[in-house]
Amino acid sequence: MILAIGANAKLAETIGLKTKDGQERYVKTIIDTDSAGHTSVEGIWAAGVAAGVSVHTIVTSGDGAKAAINLLSELKGERYTDHEAVPSAKH
Ligand SMILES: Cc1cc2nc3c(=O)[nH]c(=O)nc-3n(C[C@H](O)[C@H](O)[C@H](O)COP(=O)(O)OP(=O)(O)OC[C@H]3O[C@@H](n4cnc5c(N)ncnc54)[C@H](O)[C@@H]3O)c2cc1C
C-alpha cells in the first residue's frame, strides 16, 4: 500500500507510522520514509507531499511513480521496468 495523503498526516499517525517534522512550507508533519519510500511499517509505503518531497505537481507525481516502481520490484523480487508501452522502445 502506498499512502499519498498530502499534507495531513493524521491517518499516518493514527495507524502508528513513524512521522517527523516537515521541511516544506505549510507541511507540518510528514511520514518518515527511506529513499525507496518504505515507511516504518512493512508493506506500507508513502509518497508525495506526505513523504516530504517538494510541493510541486511534477515532483510529487514522480515520487509516487518512484515508490510504485520500488514496491512492484520488491513484490516481483527483481527490478521491475516495463517500457513495452513506449512504441519507440520496441525493436
Ligand atoms: C493552493 C495550491 C496551489 C498549488 N499550485 C501549484 C502549482 O501551480 N504548480 C505545482 O506544481 N504545484 C502546485 N501545488 C502543489 C500540488 O498541488 C501538490 O504538489 C500535489 O497536489 C501533491 O500531490 P500529493 O498526491 O502528494 O498530495 P495531494 O494532491 O494533496 O493528495 C492527497 C489526497 O489524499 C487525500 N487524503 C488525505 N487524507 C486522507 C484520508 N485519511 N483518507 C482518504 N484520503 C485522504 C486528500 O483528500 C487528497 O485527495 C499547489 C498546491 C496548493 C495547495
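Residues numbered from 1 in each chain as written. Predicted model: local features only at pLDDT ≥ 70, side-chain atom pairs only at ≥ 80, totals over all residues.

Asks: Any chance you could explain the overall build of the chain here in plain terms?
Replies: If you tally the helices and strands in the chain, you get 2 helices and 4 strands. For the chain, the spread of C-alpha atoms along the three principal axes comes to 50 × 25 × 15 Å. Across the 91 residues that make up the chain, the buried fraction comes to 24%. Restricting to contacts in the chain with at least 6 residues of sequence separation, those with at least 24 account for 37%. (Helix = DSSP H or I, 4+ residues; strand = E, 2+ residues; numbered from the N terminus. Buried ≥ 20, exposed ≤ 12 C-beta atoms within 10 Å, placed from the backbone. Contact = placed C-beta atoms within 7 Å.)

Asks: Where do I start with the site of the ligand in this structure?
Replies: What surrounds the ligand is a group of 13 residues, the closest being Ile5, Gly6, Leu11, Gly48 and Thr57. The greatest single-element share of the shell around the ligand, amounting to 3 residues, is contributed by helix H2 (residues 57–76). Of the residues assigned to the shell around the ligand, the class counts are 7 nonpolar, 6 polar and no charged. (Near = placed C-beta within 6 Å. Nonpolar A, V, L, I, M, F, W, Y, C, P; charged D, E, K, R; others polar.)

Asks: What should I look at first to understand the environment of Lys20 in this one?
Replies: Tracing the backbone shows Lys20 in strand E2 (residues 19–21). Owing to 12 C-beta atoms within 10 Å, Lys20 belongs among the exposed residues under this scheme. In this structure, the C-alpha to C-alpha distance between Lys20 and Ala67, residues 47 residues apart in sequence, is 19 Å. What Lys20 contacts, discounting residues up to four positions off in sequence, is Ile30 and Asp32.

Asks: Please clarify how the environment of Ala50 should be interpreted in this entry.
Replies: Take Ala50: it is sitting in the loop between strand E4 (45–46) and H2. By the C-beta count within 10 Å, which is 29 here, Ala50 ends up buried. Residues Ala50 and Ala7, spaced 43 residues apart in sequence, show a C-alpha to C-alpha distance of 5.6 Å. Those residues within four positions of Ala50 in sequence are excluded, and the remaining contacts are Leu3, Ala4, Ile5, Gly6, Ala9, Ala12, Ile30 and Ile31.

Asks: Could you clarify how one ought to interpret the nonpolar core in this entry?
Replies: For soluble globular proteins, the rule of thumb is that nonpolar side chains tend to be buried together. With 13 residues, the main nonpolar core has Ile31, Ala46, Ala47, Ala50 and Ala51 as its most contacted residues. Elements that contribute at least two residues to this core include exactly strand E3 (29–31) and E4. Those residues in contact with Ile31 that sit more than four places away from it in its chain are Leu3, Ala9, Ala12, Leu17, Thr19, Thr39, Ala46, Ala50 and Ala51. (Core = buried A, V, L, I, M, F, W, Y, C linked by C-beta atoms within 7 Å.)

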